[in-house]
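# Breakdown of the fold
Below are the chains, spelled out letter by letter.
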Amino acid sequence: MSNDTSVRPYRIDIPQADLDDLRERLARTRWTPDLPSAGWERGVPTSYLRELAGHWAGGYDWRAHEAELNSHPHFTTTIDGANVHFMHVRSAEPDATPLMLVHGWPGSVVEFLDLIGPLTDPAAHGGDPADAFHLVIPSLPGYGFSGPLPGTGWTDVRTASALTELMARLGYQRYGVQGGDVGAFIAPLMGQAAPERVIGVHVNALLTFPTGDPAEMESLNEAERERLAGMEQWRERSGAYMMLQGTRPQTIAHALHDSPAGQLAWIVEKFYEWTDPAAKLPEDAVDRDRILTDVSVYWFTGTAGSAAHTYFERFNDPDMWRPLPRGTVPTAAAVFTTDFSVRPLAERAHHVVRWTEFDRGGHFAALEAPDLLVSDLRAFFRTLT
């Protein structure tokens, strides 16, 4: 295992040969026919996917989005034997609060591009300079520009430990953490791992599960029971991706690593299902090229399989399913339209001090409703600093 603790500058530079290979593979795609009269309820329609893949191959400009990513400082470092990539964007405000932003699946650092300006330079975006943040935005180990994992055993606890080490390595002794989806598991675990350093945890798409105690269920109101019922229905109707990644990640890895059309379908389905229900198509909720940039990161870094393996670790980690001591770090939950967050269950597990429900935006809050997420982050951390 490497003992190198250096922090190294990094620049995204996808070889032209990889771009050419992507276009050639898309051009050679063997498209499955749509079943007559079937729609999205059976998966991504070929008619939709074929048009989107055509744009990816011919209209989408990776180099422009690569340049946007590279307009911010990138670095890598080695932690616990794994390469960890991160963006580190410091505010010009000297008293800015350090804040880590943690993505989920099928997300990446691309999720947070629209948050960087408002969070680091609030004065230029209609905010108070006192609400400025220094941002650290990692690619989770095994995801994106961090590259494939070096081995097995990368549980959420291990990832949380690596990210707390990253903040220490950067010299941040007191900081906040924000996370959604997988990040909503990891951010509270960072608070558990370093409660003396983490000043606050902000989460969206927070999931907490009932204990099975009948008294607990009886204490919930009707709206909270409906949310739990919705989560169970989601598991039954939409959880196939999770079961496959959690039980046979290497099998799905072969398909996703070889076929860009398959990788595109695997991810864009989630942008259809998990975004604000008011959006009829994924691009009605999130800019189409933003979606393609996120998919491109998985494709060019070859990390679809590695990311899937983290689900296997989660499924097979006994500590994941054991009750932890209640978190002590102040925690804020932002609840968007597709979230199944239930406050009494969240309060049993976390020190919840702020709970905000929004009537727009879905699972990909940083992409769908960055203004709401920014405002909630500012309001929460304002009370802690």
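Source: prediction; values computed, not measured. (Residues numbered from 1 in each chain as written. Predicted model: local features only at pLDDT ≥ 70, side-chain atom pairs only at ≥ 80, totals over all residues. Heavy atoms only, no water.)

For the rest of this paragraph, the subject is the overall build of the protein chain. Each helix and strand in the protein chain was counted, giving 17 helices and nine strands. Against the globule reference of 21 Å for 385 residues, the protein chain gives a C-alpha radius of gyration of 20 Å, in line with a compact fold. Relative to its 385 residues, the protein chain shows a buried fraction of 56%. The contacts of the protein chain with a sequence gap of at least 6 include a subset with a gap of at least 24, amounting to 74%. (Helix = DSSP H or I, 4+ residues; strand = E, 2+ residues; numbered from the N terminus. Rg over C-alpha atoms; globule rule 2.2 N^0.38 Å. Buried < 20%, exposed > 50% of the residue type's maximum accessible area, 1.4 Å probe, protein only. Contact = heavy atoms within 4.5 Å.)

Our next topic: the side chain of T46. Here T46 shows up in helix α2 (residues 46–58). Overall, T46 belongs to the buried group, its relative accessible area being 11%. Setting aside anything within four residues of it in sequence, one finds T46 in contact with W31, T32, P33 and D34.

In this section: the sheet that holds strand β5 (residues 133–138). Taken in spatial order, the nine strands make up an open sheet running β1-β2-β3-β5-β4-β6-β7-β8-β9, and their pairing is mixed. Pairing within the sheet leaves two strands with one partner each, and these edge strands are β1 (7–10) and β9 (351–357). Here the strands of the sheet are splayed against their neighbours by 25 degrees on average, with no regard to which way each runs. Sheet analysis places strand β7 (residues 198–204) next to strand β8 (residues 330–335), joined by four bridges and oriented parallel. For V203, the partnering residue across the bridge sits in β8 and is A333. Where helix α4 (residues 113–120) meets the sheet, it contacts β3 (82–89), β4 (97–102) and β5, and its direction lies at approximately 160 degrees from that of β5. (Pairing = 2+ DSSP bridges. Axes fitted to C-alpha atoms, helices over the stretch in contact; angles between N-to-C directions.)

A word on the UniProt feature "domain: Epoxide hydrolase N-terminal" (unreviewed entry) in the protein chain. In the numbering used here, UniProt assigns the "domain: Epoxide hydrolase N-terminal" (unreviewed entry) feature to residues 7–112. In residues 7–112, helix accounts for 32% and strand for 23%; the two terminal C-alpha atoms are 22 Å from one another. (UniProt positions renumbered as here; feature names shortened; annotations may be inferred.)

It is worth spelling out the UniProt feature "active site" (unreviewed entry) in the protein chain at this point. Under the UniProt annotation, the feature "active site" (unreviewed entry) is placed at D181, Y311 and H363. Position of Y311 relative to the elements: it lies in helix α14 (residues 304–315). Classification of Y311 by relative accessible area gives buried; the value is 4%. Once residues within four sequence positions are removed from consideration, Y311 is found in contact with W105, Y143, D181, V182, Y241, M242, Q245 and G246. Considering the arrangement of structural elements, one finds H363 in the loop between β9 and α16 (365–368). Apart from the residues lying within four places of it in its own chain, the contact partners of H363 are D181, N204, A205, W274, T338, D339 and E368. Among the polar contacts made by the side chain of H363, one reaches the side chain of D181 at a distance of 2.8 Å. (Polar contact = N/O pair within 3.5 Å; in protein donor to acceptor, adjacent residues only side chain to side chain.)

Time to look at the packing of helix α5 (residues 156–169) against helix α6 (residues 182–193). The description of two packed helices rests on the angle between their axes and on the distance between the axes. At a minimum axis distance of 8 Å, the contact between α5 and α6 shows a crossing angle of 65 degrees. Our pair here, α5 against α6, has a crossing hand that is right-handed. Along the contact surface, α5 presents D156, V157, T159, A160, L163 and T164, while α6 presents V182, F185, I186, L189, M190 and A193. (Left-handed = near helix turned anticlockwise from the far one by under 90°.)

So, on to the packing of α2 against helix α13 (residues 288–301). Where α2 meets α13, the closest approach of the two axes is 11 Å, and the angle between their N-to-C directions is 75 degrees. The orientation of α2 relative to α13 falls into the category roughly perpendicular. Between α2 and α13, the contacting residues are E51, L52, H55 and W56 on the first element and R288, D289, L292, V295, S296 and W299 on the second. Residue composition of the contact of α2 with α13, by class: five nonpolar, two polar and three charged. (Parallel < 35°, antiparallel > 145°, perpendicular 65-115°, else oblique. Nonpolar A, V, L, I, M, F, W, Y, C, P; charged D, E, K, R; others polar.)

Further remarks concern helix α17 (residues 370–382). Look at α17: 18 Å from first C-alpha to last across 13 residues, which is about the 18 Å you get at 1.5 Å a residue. Judged by how many residues are buried, α17 sits mostly within the fold: ten of 13 residues are covered. Buried within α17 are the following residues: P370, L372, L373, V374, D376, L377, R378, A379, F380 and F381. (Expected span 1.5 Å × (residues − 1).)

With respect to the element layout, D317 can be found in the loop between α14 and β8. Looking at D317, its side chain comes within polar contact range of the main-chain nitrogen of D319, at 3.1 Å.

Where burial is concerned, most of β3 is hidden: seven out of the eight residues are buried. Both strand β2 (residues 74–79) and β3 contribute to a ladder of six bridges, which runs antiparallel. Within β3, the residue paired with H74 across the bridge is M87. Hairpin geometry of β2 and β3 is characterised by an intervening segment of two residues between the two adjacent antiparallel strands and by a positive phi of about 55 degrees at D80. Of the pairings in the sheet, the one linking β3 to β5 comprises four bridges and is antiparallel in character. Bridged to V89 within β5 is L135.

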